[in-house]
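# An overview of the molecular structure
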Amino acid sequence: MDKTDAKDQVQVLTKTKIDLSRLACAAPAANAVVGQSLQRTDDLLKVTGKLKYQADLPKEDCLHGKILRSPYPHALIKSIKTDKAKSLPGVAAVLTAADVPGRNGFGAIIPDQPVICADKVRFVGDGVALVAAETEKIALEALKLIEVEYEVLPAVFDPRDSLAEGAPKVHAQGNLISHDKLRKGDVEKGFAEAEVILERTYQVPFLEHAYLEPDVVLAALQPDGVMLVQGPMQAPFTTRRNVAPVLGLPINKVRCVQIHMGGGFGGKEDSPIDLGCRAAVLAWHTKRPVYMSLEREEVTLQTCKRHPMIMQVKIGASKDGKLTAFEGVIYDEQGAYASLGPRLPPAGGSHVHAMVMMAGPYEMSHVKVDAYLVYTNHPYGGAMRGFGAPQVHIAHEQAMDELAALLGISPLEIRRINAFKLGSATATGQVLDQSVGLRETLEACEKSFGFSKRFKQAGYINPKSSKRRGVGVGMGWYRTSIGTFGDGCGANVHVHEDGSVLLFTGITEMGQGAFTVLPQICAEELGVCLEDVRLVKPDTDQVPESGPTVGSRSTTLMGNAIILAARQVKESILEKASEMLMVPVSRLRASQRKIFDCENPERSLEFKAVATACMATGKRLIGQGWWAPPMATLDKETGQGNPYHVYTYSTHMAEVEVDVETGEVAVTDYVAAFDVGKAINPKALEGQIEGGVAMGLGYALMEEVAIVQGYTKNLGLNNYLIPTIMDVPNVKSVILEMTNNLGPYGAKGIGEMPNIPATPAILNAIAHACGGRVRSLPADPEKVFWAIREAGGPPPR
Amino acid sequence: MSYQFNEFHWANDIKAGQYLQPATLAEALDMLASFGGKARVIAGGTDLVPSLRQRHLEVEALVDVSRLPGMDGIARQGEVVSLGGGVTHAQAASSPVVAEAAGLLAAGAGSVGSPQIRNVGTLAGNLIAGQPAADTSLPLLALDAWVTIASPQGQREEPLNGFFLGKGRTKLDPGREIMTGIHFKALGQGRGGSYQRLAKRKAMTLPMLVAAVVAGVDPGRKVFTGAAIALGPVAPTPLRAAQAEALLAGAPVSAESVAAAVEKASEESSPRDSCLRGSCDYRREMVKVFVRRGLADALAQAGCPLD
Amino acid sequence: MSNLEITFVLNGERVKVVTAPDALLVDLLRDTLGLTGTKVGCREGECGACTVLLDGKPVNSCLLPAVKAAGRSVTTIEGLAAADGTLHPLQEAFTEEGAAQCGFCTPGMILNAKALLDANPHPQEGEIRQALSGVLCRCTGYGKIVAAVKTASQSRK
């Protein structure tokens with residue numbers, strides 16, 4: 001791996017002149033802080049072991065909470081006896097459904113998951129009773145003493161079975177949570193125009209986030225009656241919104257404090273609601289702080305997963321490779337509880353997101369997609385790095401390659417013919433009117449990787465080897481924001497008389513670098529240095545509502561809110577400096593702790609001196625910014641509208657070696673190109689890219705929550721396999737900047753994009769190498785082996 | 001209740017009322033005896049500790065044998081290589097003696113778990129755990145290794161062929177006996193070995209299949225003098241493909257005889273369908289690939305390569 | 001329960017503690033001795049976040065009975081920087097290369113890398129990967145971690 005400065009690798013493609021009156025964008029002038037690969041603000045604590053995660057904080061005086069779990073995927077609870085458990089010395093509380101003080105239900109969108117199950121259980125691991133005890137050992141002993149009588153019910157494990165007449169009902173209102181539709185043009189007409197039509201079904205399993213830090217929470221009732229819920233959480237405001245009604249409290253009597261996370265990837269949007277509500281109910285009854293931590297097996301058993309999907313694709317093209325129509329059906333398996341799955345108007349929901357993106361980043365006049373979100377008696381689906389998008393990319397990117405093969409054109413050619421460009425209309429009819437760098441990512445990736453040449457060279461790596469080499473491409477697009485009301489973002493900026501700054505936001509840090517990138521934006525806008533800005537960690541009592549840290553929205557949406565907040569203060573600073581320098585405000589510029597006259601840069605003031613003067617004269621040094629993207633639209637019947645305000649684009653290219661005798665795959669080379677709008681911190685961005693590719697590699701080759709008749713067979717990290725350092729190749733990142741004129745300094749979201757095209761790029765490379773295509777993931781050695789058999793055996797030498 | 005509580009609930013600790021550190025082997029045996037089978041020997045603990053946490057096993061005491069004298073040596077006397085009962089995977093994987101005498105064992109030891117596991121886990125522990133596909137059991141089985149077991153009745157030797165009784169069960173009584181040594185005859189002079197492993201990822205994972213193969217040849221006559229094929233997990237215990245081996249004994253070194261043995265080894269294997277380790281059909285196919293590769297590799301080492 | 005008193009060298013200093021017979025080293029370090037830099041991710045020796053050095057060799061402290069530390073030397077992440085706060089070259093390199101994201105695997109990565117560099121000051125990339133193959137990272141894709149170990153090995157010339 002060459003050691004190069006990430007910053008040198010950023011290519012600026014456009015520098016749009018931005019209309020400052022319209023939005024919260026900063027002028028794209030020379031940036032002193034933004035665009036720099038500055039060291040992360042929390043690195044020193046991490047490398048010395050001093051960074052405190054929730055499990056590292058003191059837990060003296062805490063009770064330990066534990067959950068009694070359902071051993072059945074679907075059963076009625078006939079009776080629960082808790083007397084023996086309650087009488088065990090050291091037990092402070094044994095709670096059942098009747099003990100929940102308020103609403104006995106939580107959920108990010110629909111509160112359909114019981115805090116404690118009352119009458120029935122819906123998946124293996126469902127919570128039937130809660131215990132708090134002086135030690136975890138005692139709590140576990142107490143759980144054993146609770147006697148539950150169940151009546152086992154027939155269960156359903158496949159979304160198609162679940163929709164059938166007479167299927168067991170997971171919830172009383174039925175198993176179909178939502179059927180959403182996208183209708184653009186007339187697919188019959190489109191297929192009539194096609195000269196080649198491909199029909200395929202692709203299938204993906206439940207995936208576990210496998211963040212390294214197991215879930216943990218602390219709930220403590222404060223003397224003033226406020227319930228404190230503290231721990232790793234991606235969405236403190238959503239957690240608060242759930243804990244309050246469960247306790248029967250107004251929202252302002254619940255306080256959620258985020259502690260640095262050991263990874264989240266979407267999973268800790270949801271699990272802290274579950275743990276938080278349960279621990280809070282125990283703390284409410286015992287009036288003692290309750291600490292609840294999950295063992296690794298419990299994390300896998302209890303918390304949300306990436307949604308499995310069955311995806312039917314029909315795609316047509318004319319002889320010259322132009323796509324004419326796309327028809328898709330998505331069975332999106334929600335599992336036992338709704339979690340983040342359901343449609344949240346206008347464009348929220350995993351199946352809605354999948355539906356919107358299913359036809360891929362390609363121009364087509366005729367598109368029809370039906371998306372079904374369905375309950376089953378499996379664990380439940382939540383958000384995981386891409387929320388519906390990774391699944392459908394696996395479908396459309398493989399379909400594109402399969403179609404190209406039928407047409408006799410190369411994978412690059414079919415994408416060059418059809419890829420979005422400025423002015424393209426998406427499947428929802430949205431016209432992409434700015435910041436569309438998809439084709440540029442393809443060409444940049446090709447330039448670095450040399451796909452066309454390598455595509456022709458594939459074959460056995462040497463005459464004696466059983467290994468064949470192949471290359472694959474994956475293209476992708478991903479939204480910035482979540483397409484629903486939760487997208488508003490607030491930030492407060494306080495400048496002090498010594499020039500130091502406090503930044504208050506509710507965006508959380510889970511390793512992605514928000515606590516570095518957000519202060520960078522604040523420092524840039526104020527004209528100070530990164531070290532001058534201290535970020536106040538998310539605490540719902542202190543920071544403005546920011547929505548959840550999901551949807552690749554933090555840098556862009558919160559960045560805008562920070563810029564707006566900083567500008568309010570900067571107005572004071574510049575006015576004061578104008579008085580002091582006797583230069584009009586319009587001529588002043590702030591950068592690197594100085595305010596200077598653009599026309600005569602020798603004339604300058606220290607930022608600190610101006611701040612002192614502002615304070616002394618009563619000028620405002622506090623700013624509050626609020627930014628929400630343009631309101632999303634998506635018609636309920638036709639799926640037409642502008643669901644998300646801007647998209648990030650990407651192309652990935654992978655080389656693999658496949659042992660055609662065994663089906664083993666090694667990924668040996670990798671290039672990924674992105675149009676990110678603007679790289680606020682290129683090194684941190686590269687980190688997101690490399691990690692995302694590794695996660696996409698795991699999805700392609702090894703990851704799967706293996707569930708048999710409702711029972712998960714790989715609860716530990718010994719059996720739920722994620723890529724090790726031996727499995728992931730060095731990844732070369734190519735960063736392109738097509739300015740987003742709705743983003744801070746032109747930035748777009750990047751958190752989720754990198755893992756999305758990685759999976760199909762690798763699957764396409766496998767198919768290219770060995771002739772076998774795996775349409776039901778993961779492409780583990782056995783599946784690749786049978787795919788090669790199905791394709792007629794190993795290719796001749 | 002119709003279900004096992006421990007299948008759905010987990011502890012964050014292990015339970016053992018006493019941790020005993022004997023200074024001599026005799027003392028260790030006495031300590032074990034005093035608990036009437038309810039104590040367990042602990043060496044590296046890498047297998048034992050997880051099963052204690054998951055409550056698959058409950059013990060009253062742990063008897064730590066890792067500091068007993070003479071347990072950590074690797075020595076060769078003439079043809080025989082002896083490893084002490086406390087030899088770790090890392091030691092075996094990096095030992096020049098093992099590398100020279102049995103490269104397949106070094107490779108197997110180097111494939112166990114992770115570097116951290118290999119630094120404390122022992123070969124003896126791997127054998128006693130009685131798993132059908134332990135990375136060091138299979139090479140040792142193919143090497144016709146034998147083990148020394150200390151029991152209250154004295155020392156005895158057990159050949160590994162026949163040592164494994166069922167999943168997790170061996171001829172060693174883990175509550176009363178201690179494995180003090182592992183022995184095998186060095187390869188060389190017309191005997192070669194090979195270790196072949198199939199897994200879902202490239203480090204830190206249990207194998208889907210291991211084939212450990214030893215081939216003995218008479219290079220002058222180009223015939224097999226003998227062959228040992230150890231496979232796992234294809235049966236409840238590590239499997240010696242005895243019928244395939246029988247086909248090879250005395251057979252000419254040729255693609256045909258290897259092909260016949262490969263088919264037979266596959267027939268002898270009866271892996272179960274596993275959602276984690278692969279289907280029976282697939283693994284039987286893989287037995288063919290890995291036995292073929294293993295024999296070819298072993299023959300090359302023995303100085304009599306297949307053309 | 002018969003508790004045991006054990007003495008060992010922890011990060012260069014001799015410590016004497018009383019431990020339960022069945023306490024695991026990771027819990028002794030974190031709960032009794034307050035060294036929470038050692039993380040718990042799985043309690044089955046799979047994630048490597050609990051790695052410490054025992055007599056200089058990396059081991060999973062979640063699998064090791066605390067009593068086994070008796071008479072030996074244990075190094076945790078807290079023991080790497082000098083007393084005056086000067087970082088170990090690996091710690092420097094991890095910050096410089098952006099090798100830590102969520103940070104949960106970082107102590108385990110750094111300690112495994114330290115054991116490697118102590119034995120082999122200028123390893124090849126393959127040797128680095130092999131040495132770190134017992135620690136899982138879900139954030140970084142490992143590239144910047146490999147780069148950091150290389151950087152640290154170069155800074156030791």
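Residues numbered from 1 in each chain as written. Chains lettered and ligands numbered in written order. Predicted model: local features only at pLDDT ≥ 70, side-chain atom pairs only at ≥ 80, totals over all residues. Heavy atoms only, no water.

A separate point is the sheet that holds strand S11 (residues 191–198) of chain B. Residue and element names in this part refer to chain B. Spatially, the four strands line up as an open sheet ordered S11-S12-S13-S14, and their pairing is antiparallel. The open sheet terminates on both sides in strands that have one partner only, identified here as S11 and strand S14 (239–240). For strand S12 (residues 209–218) and strand S13 (residues 223–232), the ladder comprises nine bridges, and the chain directions are antiparallel. Paired with Gly-216 across the strands is Gly-226, a residue of S13. Of the strands in this sheet, S11 and S12 are in contact with helix H5 (residues 103–111), which crosses S11 at around 20 degrees. (Pairing = 2+ DSSP bridges. Helix = DSSP H or I, 4+ residues; strand = E, 2+ residues; numbered from the N terminus. Contact = heavy atoms within 4.5 Å. Axes fitted to C-alpha atoms, helices over the stretch in contact; angles between N-to-C directions.)

Attention now moves to the interface of chain A and chain C. At the junction of the two partners, chain A supplies 53 residues and chain C supplies 45 residues. When chain A packs against chain C, the two sides together hide about 4,100 Å² of surface, and 54% of this comes from carbon and sulfur. Linking chain A with chain C are six salt bridges. Arg-30 of chain C serves as the salt-bridge partner of Asp-56 of chain A, at 2.8 Å between the closest nitrogen and oxygen. Put simply, chain A and chain C have 26 residue pairs in polar contact (both at pLDDT 80 or more) between them. Listed by contribution, the elements that provide at least two residues to the side of chain A that touches chain C are helix H1 (43–48), helix H8 (296–302) and helix H17 (682–701) of chain A. Per-element tally for the side of chain A that touches chain C: the top contributor is H17 of chain A, with eight residues. A class-by-class count of the residues in the side of chain A that touches chain C yields 23 nonpolar, 15 polar and 15 charged. (Buried area = accessible area lost by both parts, 1.4 Å probe. Salt bridge = Lys/Arg side-chain N within 4 Å of Asp/Glu carboxyl O. Polar contact = N/O pair within 3.5 Å; in protein donor to acceptor, adjacent residues only side chain to side chain. Nonpolar A, V, L, I, M, F, W, Y, C, P; charged D, E, K, R; others polar.)

Let's shift gears to the packing of helix H15 (residues 554–581) of chain A against helix H16 (residues 607–616) of chain A. A pair of packed helices can be characterised by two numbers: the angle between their axes and the separation between those axes. All names here are of chain A. At a closest axis distance of 9 Å, the pairing of H15 and H16 adopts a crossing angle of 95 degrees. Of the possible angle classes, the one that applies to H15 and H16 is roughly perpendicular. Every residue of H16 that contacts H15 at Ser-572, Ile-573, Lys-576, Ala-577 and Met-580 is listed here: Phe-607, Ala-609, Val-610, Ala-611, Ala-613 and Cys-614. In terms of residue class, the contact of H15 with H16 is made up of nine nonpolar, one polar and one charged. (Parallel < 35°, antiparallel > 145°, perpendicular 65-115°, else oblique.)

Turning to the sheet that holds strand S8 (residues 176–184) of chain A, a few remarks are in order. All names here are of chain A. The strand order across the open sheet formed by five strands is S8-S17-S16-S15-S9, and the pairing between neighbours is mixed. Every interior strand has two partners, whereas the edge strands, S8 and strand S9 (196–204), have only one. Neighbour-to-neighbour, the strand axes of the sheet open up by a mean angle of 5 degrees, direction not taken into account. Two strands pair when backbone bridges link them, and strand S15 (residues 309–317) and strand S16 (residues 323–335) are joined in this way by nine bridges, in the antiparallel orientation. By the bridge assignment for S16, Met-309 is matched with Asp-332. Packed on one face of the sheet, helix H9 (residues 350–357) meets S8, S15, S16 and strand S17 (366–375) and runs near 20 degrees to S8.

Our focus in this paragraph is the packing of aromatic side chains. Residues and elements named next belong to chain A. Scanning the model with the defined rule gives 15 aromatic pairs over all chains in all. Geometrically, the ring pair formed by Tyr-337 and Tyr-380 is edge-to-face, given 6.3 Å between the ring centres and 80 degrees between the ring planes. One end of the pair, Tyr-337, is in the loop between S16 and H9; the other, Tyr-380, is in the loop between S17 and strand S18 (381–382), and 43 residues separate them in sequence. For the pair Phe-451 and Phe-455, a centre-to-centre distance of 5.4 Å together with 20 degrees between the ring planes defines the contact as stacked. Here the residue Phe-451 and the residue Phe-455 both occupy positions in helix H13 (residues 451–457), the gap between them amounting to four residues, near one helical turn. For Phe-451, a relative accessible area of 1% translates into the label buried. An aromatic cluster is defined as three or more aromatic residues linked by ring pairs; in this entry it consists of Phe-420, Trp-477, Tyr-644 and Tyr-647. Sitting over the face of the ring of Trp-284, Lys-287 holds its NZ or CZ atom 5.3 Å from the ring centroid. Above the plane of the ring of Tyr-460 lies Arg-468, whose end atom (NZ or CZ) is 4.7 Å from the centre. (Phe/Tyr/Trp six-rings, centres within 6.5 Å; stacked < 30°, edge-to-face > 60°. Buried < 20%, exposed > 50% of the residue type's maximum accessible area, 1.4 Å probe, protein only. Lys NZ or Arg CZ within 6 Å of the ring centre and 35° of its normal.)

Turning to the domain arrangement of chain A, a few remarks are in order. Residues and elements named next belong to chain A. One can read the domain layout of chain A as domain 1 (31–53 + 489–627), domain 2 (61–153 + 210–302) and domain 3 (305–482 + 634–790). Relative placement of domain 1 and domain 2: their C-alpha centres are 38 Å apart. Opposite the 23 residues of domain 1 that make contact, domain 2 presents 22 residues. Counting each side, the surface lost to burial between domain 1 and domain 2 is near 1,700 Å², with a carbon and sulfur contribution of 55%. Connecting domain 1 to domain 2 are three salt bridges. Note that Arg-255 and Asp-539 form a salt bridge whose closest N and O atoms lie 2.6 Å from each other. Connecting domain 1 to domain 2 are seven residue pairs in polar contact (both at pLDDT 80 or more). Residues that form the side of domain 1 that touches domain 2 fall into these classes: nine nonpolar, seven polar and seven charged. (Domains from an automatic or database assignment.)

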